[in-house]
Amino acid sequence: MPTTPAAAAHIDHYIDGRVDDRGAETRSEVYNPATGQVSGLLALATIQDVDAAVQSAAKAFETWSLTPPHIRSRILFRFRDLVERETDRLAAIITAEHGKVLDDARGEVIRGLEVVEFACGIPQQLKGEFSENVSRAVDAMSLRQPLGVVAGISPFNFPAMVPMWMFPVALACGNTFVMKPSEKDPTLSVELAKLLTRAGLPDGVFNVVHGDKTAVDALLAHDDIEAVSFVGSTPIAEYVHQTATAHGKRVQALGGAKNHMVVMPDADLDQAVASLMGAAYGSAGERCMAISVVVPVGEDTANALRERLVAALDQLKVGPGTLDGVEMGPLVTKDHRDRVAGYLETGAQEGAELVVDGRQTQLPGHEGGFFLGGSLFDHVTPDMRIYREEIFGPVLTMVRAQSFAQALQLVNDHEFGNGTAIFTADGNTARTYLAKVKAGMVGVNVPIPVPMAFHSFGGWKRSLFGDHHIHGPEGVRFYTRYKTATTRWPNDSKVRAEFSMPTHG
Ligand code: NAD
């Protein structure tokens, strides 16, 4: 059993520009996955705590929404610089609570910062539309205005990047924010809140409440929340979408994934295998854009790919994310590790061939950590649970296809449609794949096609509920409401009562 060291820190909400020191009725344990020890005791919000954060945000909205966009942007510029200077410290916090290797943690901070950089250009994004003289001495303009208080609810797997997909654009557009990070690695959101305050963000514009279903449900039902951005698993994304829309809110809810990589016979196999190793086992497979299914086309491609993958897996360095040279850290919690290990049992029972079994990986001296080595299944078929369900761990499944058409059909028939990749040397095959595949993000010889911050991120099918993808231009649309005005100023011309529809003739 994990032990609780005396030093386990209290992790509290951040409300109205400061860490909330009112104490907590209940706390949950946060672990260091590399040691299995409890590293923090997290305050779990009550309905009253959530209300305190929303009230603070609602009050701050009155002035923040009227603050000129370039002034809002200046604060985000300062925040950007502070985060950049503190990247190593923030990465260490991520590794200590999530487990991913330090370089990977630094990478997610940088990918989050790219969204901040996009948000710094908000004056350009918020420029409206104007038409002069739509009738005599009448002008028309369209504006994008902030929504009000918006909420963000994030998963454990990117404690820096996913919150930064949400709040920089929301704040830049003039909204105020209540963030509910994952209860598994909550510290980073509080650190970001402190840096926003240091950058000059007024109190109450950005708040953090911690917690579980109670906190989420309180946000989804709160009368003063206008919109909800959610990222997490598909069942919860669907629940959040249904519940929050029933309460009249705008919702974007990004869900789970099962990302396929199709490998054509003409692909550069060295490139494909190197890409697959990073995409399947990086961050212990706990990425919504991880490749979890590889689909080689033709038996020769499958056999060659399998041989190289087995050799590469033999070299995969598993260990604590803080150690130099380690490529894959532990899983986030013991429960999650056991759940993923359970799929190895399930797949073998379903008749798939477990070619490499990650349970065999031994790490002397790290027995308390939530480690599992990389695994590979071959001869997986579409009816198996290990194919249909999201495992979210370092497990790659190989489904052999006999033709490009069969591979494409397989991808399109899956319930998820987050990302996908094709490896090929043929432009026409790649073009056809891009045109016909049912997924939101597609890579051509690129294994993890995560869009840059000035594009938008999101999947199709049951990987996204709602109409808007996240960050980039879609983020600006999501966090603003469109308004059109028609204006006339008193002048010498006579205005007569008109009883027919104005036609501006
Ligand atoms: P999760 O769905 O368990 O939790 C996400 C958030 O929902 C957390 O803040 C959690 O506290 C809250 N939550 C959990 N259960 C709830 C309930 N019953 N009612 C209300 N709220 C609840 O997801 P996770 O395990 O933290 O993260 C992994 C999942 O996130 C994977 O499915 C992964 O694919 C997905 N994900 C998707 C994307 C994407 O962009 N599509 C990105 C990252 C992660």
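This structure is a prediction, so every number in the text was calculated from the model and none was measured. For every chain, the first residue of its written sequence is number 1, and the numbers climb from 1 along that sequence. Totals for whole chains, interfaces and linings use every residue, but because this is a predicted model, local features are given only for residues with pLDDT of at least 70 and side-chain atom pairs only at 80 or more, for both listing and counting. Excluded from the side-chain calculations are hydrogens and water; all other atoms, namely the structure's heavy atoms, are used.

A few words now on the sheet that holds strand 4 (residues 27-32). Think of it this way: DSSP has to see at least two bridges between two strands before they count as a pair. Where helices and strands are cited, they refer to DSSP runs of H or I of at least four residues and of E of at least two residues respectively, numbered from the N terminus. If you walk across this open sheet you meet the 3 strands as 1-5-4, and the pairing is mixed. The strands lining the two open edges of the sheet, one partner per strand, are strand 1 (9-11) and strand 4. Adjacent strand axes in the sheet meet at a mean angle of 35°, parallel and antiparallel pairs treated alike. Examined bridge by bridge, strand 1 and strand 5 (residues 37-43) share 3 bridges and lie parallel to one another. Opposite isoleucine 11, over in strand 5, you have leucine 42 as the bridge partner. In this analysis, axes come from line fits to C-alpha atoms, helices being fitted only over the stretch in contact, and the angle between any two N-to-C directions falls in the range 0 to 180 degrees.

Another point: the packing of aromatic side chains. Working definition: a ring pair exists when centres of Phe, Tyr or Trp rings (six-membered ring for Trp) sit within 6.5 Å. Plane angles under 30 degrees give stacked, over 60 give edge-to-face, the rest tilted. Following the criterion strictly, the structure yields 9 aromatic pairs and no others. For the ring pair phenylalanine 79 and phenylalanine 167, a centre distance of 6.0 Å and an interplane angle of 65° mean the geometry is edge-to-face. One end of the pair, phenylalanine 79, is in helix 2 (residues 69-85); the other, phenylalanine 167, is in helix 6 (residues 161-172), with 88 residues separating them in the sequence. Phenylalanine 79 sits in the buried class, given a relative accessible area of 0%. Assessed through its relative accessible area of 0%, phenylalanine 167 is described here as buried. When the centroid spacing of 4.6 Å and the interplanar angle of 50° are considered together, the rings of phenylalanine 167 and phenylalanine 206 count as tilted. With phenylalanine 167 in helix 6 and phenylalanine 206 in strand 10 (residues 206-208), the pair connects residues that are 39 residues apart, well separated along the chain. Neither residue differs from the other here; phenylalanine 167 and phenylalanine 206 are each classed as buried. Among the aromatic residues, ring-to-ring pairing joins Phe79, Phe167, Phe177 and Phe206 into one connected group. The rule is simple: take the accessible area with a 1.4 Å probe, protein chains only, and divide by the maximum for that residue type; under 20% is buried, over 50% is exposed, in between is partly exposed.

This part covers the site of the ligand. Contacts to the ligand come from 27 residues, most closely from Lys180, Glu183, Ser233, Gly255 and Glu390. Contact distances for the ligand include 2.8 Å between an oxygen atom and a backbone N or O atom of serine 154. In the analysis that follows, any N or O atom pair within 3.5 Å is treated as a polar contact, provided that within protein one partner can donate a hydrogen and the other can accept it, and provided that, for residues neighboring in sequence, both atoms belong to side chains. With respect to the ligand, the side chain of lysine 180 contributes an N or O atom lying 2.8 Å from an oxygen atom. Each residue belonging to the shell around the ligand can be placed in one class, and the counts come to 14 nonpolar, 9 polar and 4 charged. Each of domain 1 (9-255 + 463-484) and domain 2 (259-444) contributes no fewer than three residues to the shell around the ligand. Residue proximity to a molecule or strand is established when one non-hydrogen atom of the residue lies within 4 Å of it. All residues other than Ala, Val, Leu, Ile, Met, Phe, Trp, Tyr, Cys, Pro, Asp, Glu, Lys and Arg, Gly among them, are scored as polar; the first ten of these are nonpolar and the last four charged. In this document the domain limits rely on a domain assignment from an automatic tool or a database.

Glancing now at the pairing of strand 4. Both strand 4 and strand 5 contribute to a ladder of 6 bridges, which runs antiparallel. Bridging across to strand 5, asparagine 32 finds its partner in glutamine 37. In this structure, the hairpin formed by strand 4 and strand 5 is closed by a connection of 4 residues, where glycine 36 is found at a positive phi of approximately 80°.

We now examine helix 11 (residues 299-315). Residue count minus one, scaled by 1.5 Å, sets the expected span of a helix. Taking 1.5 Å per residue as the helical rise, helix 11 with its 17 residues ought to reach 24 Å, and the 25 Å between its terminal C-alpha atoms agrees with that figure. Buried within helix 11 are the following residues: Thr301, Ala302, Leu305, Arg306, Leu309 and Leu313. Angularly, the buried residues of helix 11 cover 125° about the axis, an arc narrow enough to put them on a single face. For helix 11, the exposed residues lying more than 90 degrees away from the buried face are Asp300, Glu307, Asp314 and Gln315. The contact criterion used throughout is that any non-hydrogen atoms of two residues lie within 4.5 Å. Those residues of helix 11 that are buried are in contact with strand 13 (259-263), helix 10 (269-281), strand 14 (291-296), strand 15 (353-356), strand 16 (375-378) and strand 17 (395-398). Directions pointing from the helix axis toward each C-beta atom define the arc.

A separate point is the sheet that holds strand 15. On the basis of which strands lie adjacent, the open sheet formed by 7 strands has the order 15-16-17-14-13-19-20 and mixed pairing. With partners counted over all chains shown, the strands left at the sheet margins are strand 15 and strand 20 (441-444), one partner each. Going across the sheet, the axis of each strand differs from the next one's by a mean of 20°, ignoring polarity. As defined by bridge partners, strand 16 adjoins strand 17 across 3 bridges and the pair is classed as parallel. Looking at the pairing, phenylalanine 377 lines up with threonine 397 of strand 17. Across the sheet, helix 12 (residues 334-350) lies against strand 15, strand 16 and strand 17, angled at about 25° from strand 16, the strand it touches most.

Nonpolar side chains in soluble globular proteins tend to end up buried together. Residues Phe79, Trp165, Phe177 and Phe206 are the most contacted members of the largest nonpolar core, which totals 63 residues. By residue number, the principal contributor to this core is helix 6, which donates 10 residues. Counting only domains with at least three residues in this core, you end up with domain 1 (9-255 + 463-484) and domain 2 (259-444). Core analysis: the second largest hydrophobic core is formed by 59 residues, Ala302, Val356, Leu372 and Leu408 among them. For our purposes a nonpolar core is just a set of buried Ala, Val, Leu, Ile, Met, Phe, Trp, Tyr and Cys residues, chained together by side-chain atoms within 4.5 Å.

To continue, consider the packing of helix 3 (residues 87-98) against helix 7 (residues 187-198). The N-to-C vectors of helix 3 and helix 7 enclose an angle of 160°; their axes lie 9 Å apart at closest approach. With respect to their mutual orientation, helix 3 and helix 7 come out roughly antiparallel. Where helix 3 crosses over helix 7, the two elements pack in a sense that is right-handed. The residues of helix 7 that touch helix 3, namely those facing Arg89, Leu90, Ile93, Ile94 and Glu97, are Thr187, Leu188, Glu191, Leu192 and Leu195. Partitioning the contact of helix 3 with helix 7 into residue classes produces 6 nonpolar, 1 polar and 3 charged. Should an angle fall under 35 degrees it is called roughly parallel, over 145 degrees roughly antiparallel, and 65 to 115 degrees roughly perpendicular, with every other angle called oblique. Left-handed describes a crossing whose near helix is turned anticlockwise from the far helix through less than a right angle; right-handed describes the clockwise counterpart.

This next bit is on the domain arrangement of the chain. Looking at the chain, the domain boundaries give domain 1 (9-255 + 463-484) and domain 2 (259-444). With centres defined by C-alpha atoms, the gap from domain 1 to domain 2 works out at 31 Å. Each partner contributes to the interface: domain 1 provides 20 residues, whereas domain 2 provides 23 residues. Once two parts are put together, the accessible area they lose, assessed with a 1.4 Å probe and summed over both, is termed the buried area. Counting the surface lost from both domain 1 and domain 2, the interface buries some 1,800 Å², and carbon and sulfur atoms represent 63% of this. The salt bridge definition used is simple: a Lys or Arg side-chain nitrogen within 4 Å of an Asp or Glu carboxyl oxygen. The tally of links between domain 1 and domain 2 comes to 1 salt bridge.

As a further point, take the environment of aspartate 224. Tracing the backbone shows aspartate 224 in the loop between helix 8 (213-221) and strand 11 (225-231). In the structure, aspartate 224 is positioned 75 residues away from valine 149 in sequence and 6.7 Å away in space, judged by C-alpha atoms. When residues no more than four places from it in sequence are discounted, the contact partners of aspartate 224 are Val54, Gln55 and Val149.

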